[in-house]
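# Geometric and topological summary
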Amino acid sequence: MSVVDKNRASDEQIEALVEDSIRYVWRHGVSAAATRTGRGPLAVSASGVYVTDMDGNEYLDGLSGGSAAATLGHGRVDVADAVHAQMTTLHWVSLRTFINEPSIELGRRLAGLTDADLQTSFFVSSGSEAVESATQLAKSFHRARGNPGKNMFLYRKTGYHGTTLVGASASDNAEFRTWFAPLAPGFAEVDACYPYRRPDHMTEEEYGDACADALEATILDIGPERIAGILAEAIPAALVLVPPANYLRRLREICDRHDILWIDDEVFIGIGRTGRWFGFEHFGVTPDIVTSSKGITGGYVPLGAALATSRVMETIYGDQASGQAKVSGHTYAAHPTACAAGIAVLDAIEKEDLVGNAERVGEWMIAEFARIYADHPRVGDVRGKGLLIGIELVQDAATRTPFPRESGVGRRVMDRAMENLFMLRATGDVITLFPALVTTMPDARAMVSATCRAIDEVLSEL
Ligand SMILES: Cc1ncc(COP(=O)(O)O)c(C=O)c1O
């Protein structure tokens, strides 16, 4: 039951609540002033793809709750029932002391989602923990093979891999890199593969090859004997960078050539968002370790996982000489209630063919944006896969010239959409949408028109 009852809460009570939220709850990504003037906004309830705030405003949710986790939409009774049943049967016991059935079942289900032999799940409680665990698995793998010197990681420009020290050290996030300094040692940056920003004379395929060549040159520069893995999302979500088909194939070959593990961070895009269970499936390649979170429980209960192939796991399990390989074990690892939520979410996705829905509805939305903005002088690119969609706004589409950074066009579009009761995101001037997998065609039509309204209003004011 909400503490805010619109029929009873006065403006003074609401102001007091907002002031208390500033005092008592640290909020990331939003200034206290913005929270105050925006009266939060304070969400009180949500259903399907709509979120209601304390003033009774209903927001159309193009962001799966804001950070891509609510992939089944809001208010699912089936997931709540599964969580309730698990909580009243066995809410939690430590993995150190007992194994538990929900985690075994969820691990088995995740392993069976693709043909990729991602056999073993290392369950944690967030995406950042999954990324950190993946780096530990990679270090353990190389140590077990007698190569403890292979302990560095590469990550790519514009990438985001989380907010713990390891996540931040593997992220191209200027604020984190400044405020969290000194960062963890052993991380090196390589270029992103950003097809829209490729040199004019290159085809996408030539560009994919050039990016792969540059990656290999960096590896040779650093020394492959020092590198444990590369953290690379199959489709980097922040800027929606769908790579050329050859790029990930080349990345895979390069990793194999130099005994480097590919950690495909699918915290954002995994579990159906791109119209496949995992993003790597679009490219006919298999990573060594895949991280997942958000969609794994649809945001109902926090859960993350690092999934490793049998080759990685058999090497790590085989490290008998030094006892069990050391990978962090959290109190809430393989939390039975979180895993029960995960099973219910997978059941729903399979029963309702939501991966197929993401592909169909997403394809329609991307095609519709491309059609609407085909000749727009300030829309440079429309791109995406399934329900991961990006629209890059530029000062001049003919020359791909970006807006000056200080014009803040992307942020203005995001703010305008919110004023219009629609949730979209901007990373720089790339407008992104990542709606729930349950988005229907009427929802999709409403999202397309709300997106265009916010973009068109802001661009017409420049
Ligand atoms: C690709 C990727 N990796 C890691 C993370 C970190 O996950 P969390 O916020 O659950 O720690 C995120 C979060 O957005 C992400 O998008």
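Just so it is clear, the model here is predicted, and its values are computed rather than measured. (Residues numbered from 1 in each chain as written. Predicted model: local features only at pLDDT ≥ 70, side-chain atom pairs only at ≥ 80, totals over all residues. Heavy atoms only, no water.)

## Overview of the sheet that holds strand β10 (residues 304-308)
Which entries qualify depends on this criterion: The rule for pairing is simple: two strands pair if DSSP sees at least two bridges between them. Secondary structure elements follow DSSP: runs of H or I of four or more residues count as helices, runs of E of two or more count as strands, with numbering from the N terminus. Interaxial angle, 0 to 180 degrees, is taken between N-to-C directions of lines fitted to C-alpha atoms, where a helix line uses only the stretch in contact. Contact between two residues is taken to exist if any of their heavy atoms lie within 4.5 Å; hydrogens are not considered.
Within the open sheet, the seven strands sit side by side as β4-β10-β9-β8-β7-β5-β6. Their pairing is mixed. Every other strand in the sheet has two partners, leaving β4 (120-124) and β6 (187-190) as the edge strands with one partner each. In this sheet, neighbouring strand axes are inclined to one another by 20° on average, regardless of whether the strands run parallel or antiparallel. Sheet topology places β4 next to β10; five bridges connect them, and they run antiparallel. Bridging across to β10, F122 finds its partner in A306. Contacts from helix α11 (residues 310-317) reach β4, β8 (261-265) and β10 within the one sheet, and its direction differs from that of β10 by about 90°.

## What about the packing of helix α5 (residues 101-111) against helix α12 (residues 336-351)?
Selection rule: In this scheme the crossing of two helices becomes right-handed for a clockwise turn of the near helix relative to the far one and left-handed for an anticlockwise turn of less than a right angle. Residue polarity is assigned by list, with Asp, Glu, Lys and Arg as charged and Ala, Val, Leu, Ile, Met, Phe, Trp, Tyr, Cys and Pro as nonpolar; anything else, Gly included, falls into the polar class.
Where α5 contacts α12, the two axes come as close as 8 Å, and the packing angle between them is 35°. Considering the relative orientation of α5 and α12, their crossing is left-handed. Facing α5, whose interface residues are P102, S103, E105, L106, R109 and L110, α12 presents P336, C339, A340, G342, I343, L346, D347 and E350. In the contact of α5 with α12, the residues fall into eight nonpolar, two polar and four charged.

## Notes on the sheet that holds strand β15 (residues 430-433)
Reading across from one edge, β11-β12-β15-β14 is the order of the four strands in this open sheet, with antiparallel pairing throughout. Every interior strand has two partners, whereas the edge strands, β11 (379-385) and β14 (425-427), have only one. Recorded for the sheet is a direction-independent mean angle of 25° between the axes of neighbouring strands. Sheet topology places β11 next to strand β12 (residues 388-393); six bridges connect them, and they run antiparallel. What sits directly across from D381, in β12, is E392. The sheet contacts of helix α13 (residues 354-372) involve β11, β12 and β15, and relative to β12 the element is tilted by about 15°.

## Quick look at the side chain of T337
Rules: Any pair of N or O atoms that falls within 3.5 Å is considered a polar contact. Within protein, one atom must be able to donate a hydrogen and the other to accept it, and sequence-neighbouring residues count only if both atoms are side-chain atoms.
Within the fold, T337 resides in helix α12. Looking at T337, its side chain comes within polar contact range of the main-chain oxygen of H91, at 2.8 Å. For T337, the contacting residues outside a window of four places in its chain are V83, Q86, M87, L90 and H91.

## So, a nonpolar patch on the surface
Note the following rule: Patches here are clusters of residues that have more than 30% relative accessible area and form no salt bridge, with a 9 Å joining cutoff for like charges and a 5 Å cutoff for nonpolar side chains (Val, Leu, Ile, Met, Phe, Trp, Tyr). In these tables, accessible area is a Shrake-Rupley quantity obtained with a 1.4 Å probe, and a residue counts as shielded only by the protein chains included in the view. Within this document, salt bridges are pairs made up of a side-chain nitrogen of Lys or Arg and a carboxyl oxygen of Asp or Glu, the two lying within 4 Å of each other.
A cluster of nonpolar side chains, L95, I99 and I104, forms an exposed patch at the surface whose accessible area comes to about 300 Å². Here I104 shows up in helix α5.

## A closer look at the side chain of T291
Following the sequence through the fold, T291 ends up in strand β9 (residues 289-292). At 2.7 Å, the side chain of T291 forms a polar contact with the side chain of D265. Among all residues touching T291, those that are not within four sequence positions of it are A130, V131, A134, I263, D264, D265, E266, V267, A305 and A306.

## Focus: the pairing of β11
Basically, it comes down to this: Only protein chains enter the calculation, and the probe is 1.4 Å; a residue is then buried if its accessible area is under 20% of its type maximum, exposed if over 50%, and partly exposed in between.
Among the seven residues in β11, five count as buried, and that is most of the element. The turn joining β11 and β12, which pair antiparallel and follow one another in sequence, is formed by two residues; a positive phi near 55° is taken by G386.

## Side note on the domain arrangement of the protein
Counted only if it meets this: Domain delimitation in this document rests on an assignment produced automatically or drawn from a domain database. Reported buried area values correspond to the accessible surface (1.4 Å probe) lost by two parts on association, with both partners' losses combined.
What the domain assignment reports for the protein is domain 1 (41-70 + 354-460) and domain 2 (78-351). Across the boundary between the two partners, domain 1 contributes 29 residues, which contact 28 residues of domain 2. Carbon and sulfur atoms supply 59% of the area that domain 1 and domain 2 bury against each other, a total of about 2400 Å² over both sides. For the pair domain 1 and domain 2, the number of links is three salt bridges. As a salt-bridge pair, E392 and R197 come within 3.1 Å of each other at their nearest N and O atoms. There are 17 residue pairs in polar contact (both at pLDDT 80 or more) connecting domain 1 and domain 2. Every element with two or more residues in the side of domain 1 that touches domain 2 is listed here: α3 (64-68), α13, β11, β12 and β15. The greatest single-element share of the side of domain 1 that touches domain 2, amounting to five residues, is contributed by β11. Among the residues forming the side of domain 1 that touches domain 2, the class breakdown is 15 nonpolar, eight polar and six charged.

## Brief notes about the nonpolar core
Quick note on the threshold: What is meant by a nonpolar core is a set of buried Ala, Val, Leu, Ile, Met, Phe, Trp, Tyr and Cys residues, joined one to another through side-chain atoms within 4.5 Å.
With 112 residues, the main nonpolar core has M365 and F369 as its most contacted residues. Counting only domains with at least three residues in this core, you end up with domain 1 (41-70 + 354-460) and domain 2 (78-351). If sequence neighbours within four positions are ignored, M365 has contacts with L387, I389, L433, P435, A444, M447 and V448. Grouped together as the second largest cluster of nonpolar side chains are 22 residues, Y155, A228, I263 and A306 included.

## Structural notes on helix α10 (residues 245-257)
Within the span of α10, buried status applies to N246, Y247, L248, R250, L251, R252, I254 and C255. In this fold, the buried residues of α10 make contact with β5 (152-156), α9 (204-222), β7 (227-231) and β8. After α10 finishes, the residue D259 shows a positive phi value of roughly 55°.

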